[in-house]
Structure formats: C-alpha cells, structure tokens
Amino acid sequence: GEIGVESAIAGDWGVPLGLIVADSAGVEEAQALLPGVRSVITKISHGESSAECFPLIDILHKIKKAGYELAKDGPCVKAWTHTGEVEMRFTFNDGRYLEVLSELYKNDFIAGNVLQLTGLSATAIWADYWQRKLFTQKFIANNP
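Sequence positions are assigned chain by chain, starting from 1 and proceeding in written order. Given that this is a predicted model, residues contribute local features only at a pLDDT of at least 70 and side-chain atom pairs are listed and counted only at 80 or more, while totals for whole chains, interfaces and linings are drawn from all residues. Hydrogen atoms and water are omitted, and side-chain values are computed over all heavy atoms in the structure.

It is worth spelling out the packing of aromatic side chains at this point. Under the pairing criterion, centres of Phe, Tyr and Trp rings, with the six-membered ring standing for Trp, must be within 6.5 Å; the plane angle then separates stacked pairs below 30 degrees from edge-to-face pairs above 60, leaving the rest tilted. Counted according to the given criterion, the structure contains 7 aromatic pairs. Their ring planes at 15° and their centres at 4.6 Å tell us that F90 and Y129 sit as a pair that is stacked. Of this pair, F90 sits in strand β5 (residues 86-91) while Y129 sits in helix α5 (residues 122-142), and the two are 39 residues apart along the sequence. The exposure class of F90 is buried, given its relative accessible area of 10%. The numbering of helices and of strands both runs from the N terminus, where a helix is a DSSP run of H or I of at least 4 residues and a strand a run of E of at least 2. The cut-offs for exposure are 20% and 50% of the maximum accessible area for each residue type, with area from a 1.4 Å probe on protein chains only; residues under the lower value are buried, those over the upper are exposed, and the others partly exposed.

Our next topic: the side chain of S121. Looking at the element boundaries, S121 is found in the loop between β7 (114-119) and α5. Nitrogen and oxygen atoms within 3.5 Å of one another constitute a polar contact, given that in protein one can donate a hydrogen and the other can accept it, and given that sequence-neighbouring residues count only through two side-chain atoms. Reaching out from S121, the side chain makes a polar contact with the backbone nitrogen of A124 at a distance of 3.0 Å. Setting aside anything within four residues of it in sequence, one finds S121 in contact with D12 and V86. Here a residue-residue contact requires only that any non-hydrogen atoms of the pair lie within 4.5 Å.

Moving on, we get to the pattern of salt bridges. Here, a salt bridge means any Lys or Arg side-chain nitrogen found within 4 Å of an Asp or Glu carboxyl oxygen. For the structure on display, the rule yields 8 salt bridges. Put simply, E87 and R89 hold a salt bridge, and the shortest N to O gap is 3.3 Å. On the basis of relative accessible area, R89 is assigned to the exposed category, the value being 53%. Here R132 ties to D108 by a salt bridge, and the two come within 2.7 Å at their closest N and O atoms. Of the two residues, R132 is situated in helix α5 and D108 in the loop between α4 (96-104) and β6 (109-111); the sequence distance between them amounts to 24 residues. Put simply, R38, E69, K72 and D73 are held in one network by salt bridges that share partners.

Shown next, in the form of structure tokens:
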C-alpha cells in the first residue's frame, strides 16, 4: 500500500516513519508494517463509502500532541530498511490507464492487472514506475 511504499522509500534514506495521521485502515496498515509507530486516527473507516468522522478540533489536538511527543522523544520505530533486491507489485483498477500500461509494459505484468517491478531499492522502483506512468499518460493524451 501507499504507506508501505512511502515507508520503504524513506527507509532507503535512513528516515523512519515518525507519525501516521490517517483513517483507521491507514493506521492499521502502518501498525502492521511498523508496530508501535505513533499514530492519530482521523476517522473510523466502515468501507469504501462510509466512515465515522471525529470532530476537527479533537483531531487537531491529537495531532499537535503526537507531534510534540515526536519532537521531544523522537520516532518510536527504526527506519524500514531492506537488504538485497526489492520487489513491488502494483494492482490497478480496470480502465484506459490499465489497458495502455499493460500493453506498453506487458512483460512486467504477472496478472491481468498486477505490475511487478524489481530493483535495488524502493526509491529506484518508484522512480521507474513514475517514468512509466508519465509515459503512459502522455501516450493516452496523444492517442485518445
């Protein structure tokens, strides 16, 4: 997920995830990757189209408190680092983007909607993916 990708990229540079501010699903994802990471839940997710939201003033207070604790005590977890080759899988929803991306890079798809990239670091893979994304978007714009 997004939190894993960002934590892995930060880990490439020795930077730990200090604080996650997200809905309950995002905090759960972060806690599964980095148990003990500081977190603030902004709302309880009840699926794709519903959530139990908390008052803004309460969330702002919790974020301020967590930020203060982070500044005072430092991160609760170490940087998420990897050794050896890194693999990332990207799963896409159906649509024109997937159609074009999978045609342009068919050798890197391991399933109909799953792109798999490998490299020496999460940063390198993410940079590779973004170049592919930009090329695909440009292709779509020029070939509607």
